[in-house]
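Coordinates in review
Read off the chains here:
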Amino acid sequence: MLRVPSRIGKRTHVRGCRRQAPAYHLILEGILILWIIRLLFSKTYKLQERSDLTVKEELIEEWQPEPLVPPVPKDHPALNYNIVSGPPSHKIVVNGKECINFASFNFLGLLDNPRVKAAALASLKKYGVGTCGPRGFYGTFDVHLDLEDRLAKFMKTEEAIIYSYGFATIASAIPAYSKRGDIVFVDRAACFAIQKGLQASRSDIKLFKHNDMADLERLLKEQEIEDQKNPRKARVTRRFIVVEGLYMNTGTICPLPELVKLKYKYKARIFLEESLSFGVLGEHGRGVTEHYGINIDDIDLISANMENALASIGGFCCGRSFVIDHQRLSGQGYCFSASLPPLLAAAAIEALNIMEENPGIFAVLKEKCRQIHKALQGISGLKVVGESFSPAFHLQLEESTGSREQDVRLLQEIVDQCMNKNIALTQARYLEKEEKCLPPPSIRVVVTVEQTEEELVRAASTIKEVAQVVLL
Amino acid sequence: MCCHGLPVGGSPSSPGCFVPLIQKTGGLLLTAERGGRMNVGTAHSEVNPNTRVMNSRGIWLSYVLAIGLLHVVLLSIPFGMYIFLHTVKGTPFETPDQGKARLLTHWEQMDYGVQFTASRKFLTITPIVLYFLTSFYTKYDQIHFILNTVSLMSVLIPKLPQLHGVRIFGINKY
């Protein structure tokens, strides 16, 4: 046997690249190298919808700029305002004339309460006026933590969080939980703050008829059918129902027991906005949940502003700890606004003290509401819109004249004449172009505990007389 | 490390090690956007930081080092990268844009959907280079060739701009 020459042996141990690579491989490598070169030379570009380039150009041609300051009629209400001197308490001085206040949301009369004012003054002397910082940046004072604690204890929830502006409370709370792709079922009569919160959340909004549980169930059922068609999408979609306890725009109460039933049936979360019902409804003023006797843990988030019954500024949300805690980083109005001035927080704490000490005022308020509600029935031309126990209700024209401006003018005439007779009323104002479902024009009447029975009777008769004169 | 044939090391600013290679190919087209500006732990105005992760300081070097460490288990690298770039969607943190990127993979989120940026080019070229090295290593054996080519294609094809946002058969859609 011939000895294998060592050269051949050496050759087989040489590095593998010497063995001829298969042809397809070389072709593939060539393609890949060409691809790399193409990649290195390609420009960056943004993906665009290539379909409607021509449509864009047409739109640009057609566009006409609107004036920066649109023409406004001379009698626009924002240009002719009434001037109030002094506090808007039980007697309010409007344009130099002292009237009985039926317009400010001072339900429990705490605006002028000497104890509340003393607490605010003491806090002013201790802390100064403002906090000059958001909650996360040296803006958290002991009064804030105290107020949050007190509110949580009062509402019997685990935790509460304070916002420094009532409008921003619900408008920050909704987008903190509801994002793109989530679904929110909301009442048509929801207030403007809720509408802005929904707009900021970028979620799918489904409106149901005011207080119509059948309509809501229909929408929920439709959504359930959609979910069954696409279970993977349904699994990542969150569902919310947003309602108000007492609606600002209509003075009606939401049917909370049915809502809780629907919540558990269709697996949606309830956000309850209690600005008008906090400190008004319920045996101790805890709101709609106490009024109906519903367990507060059934409601996922309660949001209210402290600008009505509590006669302070700002708002709060309360609920389970893990729900409220999320807003400490995700609530835009909480993280990125200066915190509530300490004097207002101290005033709110004192107001809570008063509410806890005299639980009888809620029954008194309810009785007064019923009284004036009854007294205002049967006015020719005006109808009362709202529950009998709602302290803020509306007087709408029984028959609209056909144009909103004319209706507004008629109601303004009634308001002006009542003002001449020393009853201060106001019309419910809306940003007419911005509201989703614009309510009809109305006069909003507010009842407070400080109004005496004679004053209520006098107000009712004044409105009756004036309405008869104006509406003939 | 030397078997990669790349000069690794030098300054902590990651792309430095790639500069010689790029200048050799004559295209100074990996522009100056790379290497910058995700300040860790400070406030920034970036709505979705996920889009700039691949541009941040040191990330390219870390990527190469991680590949080197996983070099032992060669096939796991494209598999791992595929999971992180093209399977997992959304962000691990909350973003102030109300969940715009909830249904987008990391690749689709990079640079807010702008195609052919520096990081995207880098992440496309690296698997190709790895592929060359692996096939060189496995001596062009047939079975290895098939496996490597399939894994390369599975990593390259989702990176095409035509497949931005495409979910085949609705897999991974929600």
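Residues numbered from 1 in each chain as written. Chains lettered and ligands numbered in written order. Predicted model: local features only at pLDDT ≥ 70, side-chain atom pairs only at ≥ 80, totals over all residues. Heavy atoms only, no water.

The name an unreviewed UniProt entry gives chain B is ORM1-like protein 3 isoform X2, with Sapajus apella as the organism. Here is the UniProt Subunit (unreviewed entry) comment for chain B, exactly as written: "Ceramide-sensitive subunit of the serine palmitoyltransferase (SPT) complex, which is also composed of SPTLC1, SPTLC2/3 and SPTSSA/B." Heading Subcellular location (unreviewed entry) of the UniProt record for chain B holds this comment: "Membrane". (UniProt positions renumbered as here; feature names shortened; annotations may be inferred.)

As recorded in an unreviewed UniProt entry, chain A goes by Serine palmitoyltransferase 1 and comes from Sapajus apella. A UniProt comment under Sequence similarities (unreviewed entry) is attached to chain A, and it reads "Belongs to the class-II pyridoxal-phosphate-dependent aminotransferase family." Comment text from UniProt for chain A, heading Cofactor (unreviewed entry), reads "pyridoxal 5'-phosphate".

The subject of this paragraph is the overall build of chain B. Within chain B one finds six helices and one strand. Order of helices (α) and strands (β) in chain B, N terminus to C terminus: α-α-α-α-β-α-α. In chain B, buried positions account for 45% of the 174 residues. In chain B, of all internal contacts separated by at least 6 residues, the share reaching a separation of at least 24 is 63%. (Helix = DSSP H or I, 4+ residues; strand = E, 2+ residues; numbered from the N terminus. Buried < 20%, exposed > 50% of the residue type's maximum accessible area, 1.4 Å probe, protein only. Contact = heavy atoms within 4.5 Å.)

Moving on to the sheet that holds strand β12 (residues 382-385) of chain A. Note on sheets: strands pair through backbone hydrogen bonds, and any given pair is parallel or antiparallel. Taking strand neighbours across the sheet as the criterion, the four strands line up as β12-β13-β16-β15 (chain A) in an open arrangement whose pairing is antiparallel. With partners counted over all chains shown, the strands left at the sheet margins are β12 and β15 (426-427) of chain A, one partner each. (Pairing = 2+ DSSP bridges.)

Here we come to the sheet that holds strand β6 (residues 183-187) of chain A. All names here are of chain A. Across the sheet, which stays open at both edges, the seven strands sit in the order β5-β11-β10-β9-β8-β6-β7 with mixed pairing between neighbours. This sheet does not close on itself; its edge strands, each paired only once, are β5 (159-163) and β7 (204-208). Taking the axes of each pair of neighbouring strands and ignoring which way they run, one obtains an average angle of 20° across the sheet. With three bridges connecting them, strand β9 (residues 269-273) and strand β10 (residues 301-305) associate as parallel partners. Across the sheet, residue glutamate 273 finds its bridge partner in β10, namely serine 303. (Axes fitted to C-alpha atoms, helices over the stretch in contact; angles between N-to-C directions.)

According to UniProt, the feature "domain: Aminotransferase class I/classII large" (unreviewed entry) maps to residues 98-462 of chain A in the numbering used here. Structurally, residues 98-462 of chain A comprises 44% helix and 16% strand, and the distance from its first C-alpha atom to its last is 16 Å.

Moving on, we come to the state of the cysteines. Here the structure, examined in full by the defined rule, presents zero disulfides over all chains. Cys418(A) carries a free sulfur, and the closest cysteine sulfur to it, the one in Cys99(A), is 10 Å from it. (Disulfide = S-S within 2.5 Å.)

To continue, consider the interface of chain A and chain B. Reports of interface size often rely on the accessible area that becomes lost once the parts have come together. With 38 residues of chain A in contact, the opposing surface of chain B contributes 38 residues. Across the interface of chain A and chain B, roughly 3,500 Å² is buried in total on both sides, 65% from carbon and sulfur atoms. Three residues stand out in chain A for area buried against chain B, namely Leu39(A), Leu40(A) and Arg180(A), and they jointly supply 18% of the buried area on that side. In this structure, the connection of chain A to chain B is made through two salt bridges. The closest approach of N and O atoms between Arg102(B) and Asp182(A), which form a salt bridge, is 3.4 Å. There are 15 residue pairs in polar contact (both at pLDDT 80 or more) connecting chain A and chain B. For the side of chain A that touches chain B, the elements supplying multiple residues, two or more each, are α2 (23-41), β1 (45-46), α7 (192-201), α9 (231-235) and α12 (321-330) of chain A. With eleven residues, α2(A) is the single largest residue contributor to the side of chain A that touches chain B. The residue inventory of the side of chain A that touches chain B, partitioned by class, reads 17 nonpolar, ten polar and eleven charged. Pairing of β1(A) with strand β1 (residues 114-115) of chain B, which is carried by two bridges, proceeds in the antiparallel orientation. Residue pairing across strands places Tyr45(A) opposite Gln115(B), the latter belonging to β1(B). (Buried area = accessible area lost by both parts, 1.4 Å probe. Salt bridge = Lys/Arg side-chain N within 4 Å of Asp/Glu carboxyl O. Polar contact = N/O pair within 3.5 Å; in protein donor to acceptor, adjacent residues only side chain to side chain. Nonpolar A, V, L, I, M, F, W, Y, C, P; charged D, E, K, R; others polar.)

As a further point, take unusual backbone geometry. Residue and element names in this part refer to chain A. For alanine 311, which is not a glycine, the phi torsion comes out positive at approximately 55°. By the secondary structure assignment, alanine 311 is in the loop between β10 and β11 (315-319). We classify alanine 311 as buried; its relative accessible area is 19%.

Residues and elements named next belong to chain A. Domain boundaries in chain A define domain 1 (84-108 + 359-471) and domain 2 (114-357). Taking the mean C-alpha position of each, domain 1 and domain 2 sit 27 Å from one another. Listed by partner, the interface residues are 24 residues for domain 1 and 29 residues for domain 2. Both faces combined, the contact of domain 1 with domain 2 buries some 2,300 Å², and carbon together with sulfur accounts for 61% of it. Taken together, the connections running from domain 1 to domain 2 amount to one salt bridge. A salt bridge links lysine 196 to glutamate 434; its shortest N-O distance comes to 3.9 Å. Counting the contacts that link domain 1 with domain 2 gives seven residue pairs in polar contact (both at pLDDT 80 or more). Secondary-structure elements contributing two or more residues to the side of domain 1 that touches domain 2 are α15 (360-375) and β13 (392-397). A per-element tally of the side of domain 1 that touches domain 2 places α15 first, with three residues. (Domains from an automatic or database assignment.)

We now examine the confidence of the model for chain B. Residues and elements named next belong to chain B. Summing up the model confidence of chain B, the mean pLDDT is 74 and the portion of residues at 70 or higher is 72%. Contacts from residues 1-36, a stretch scored under 50 in pLDDT, to residues over four places away or in other chains number 45 contacts. On the interface metric, ipTM, the complex scores 0.74, and its pTM is 0.83. (pLDDT = per-residue confidence, 0-100.)

We now examine the packing of helix α16 (residues 404-420) of chain A against helix α17 (residues 453-471) of chain A. All names here are of chain A. At a minimum axis separation of 9 Å, α16 and α17 run at an interaxial angle of 135°. It follows from the interaxial angle that α16 and α17 lie oblique. Crossing hand, α16 versus α17: right-handed. Contacts between α16 and α17 involve Leu410, Glu413, Ile414, Gln417 and Cys418 from the former and Thr462, Ile463, Val466, Ala467, Val469, Val470 and Leu471 from the latter. Looking at the contact of α16 with α17 residue by residue, the class counts come to nine nonpolar, two polar and one charged. (Parallel < 35°, antiparallel > 145°, perpendicular 65-115°, else oblique. Left-handed = near helix turned anticlockwise from the far one by under 90°.)

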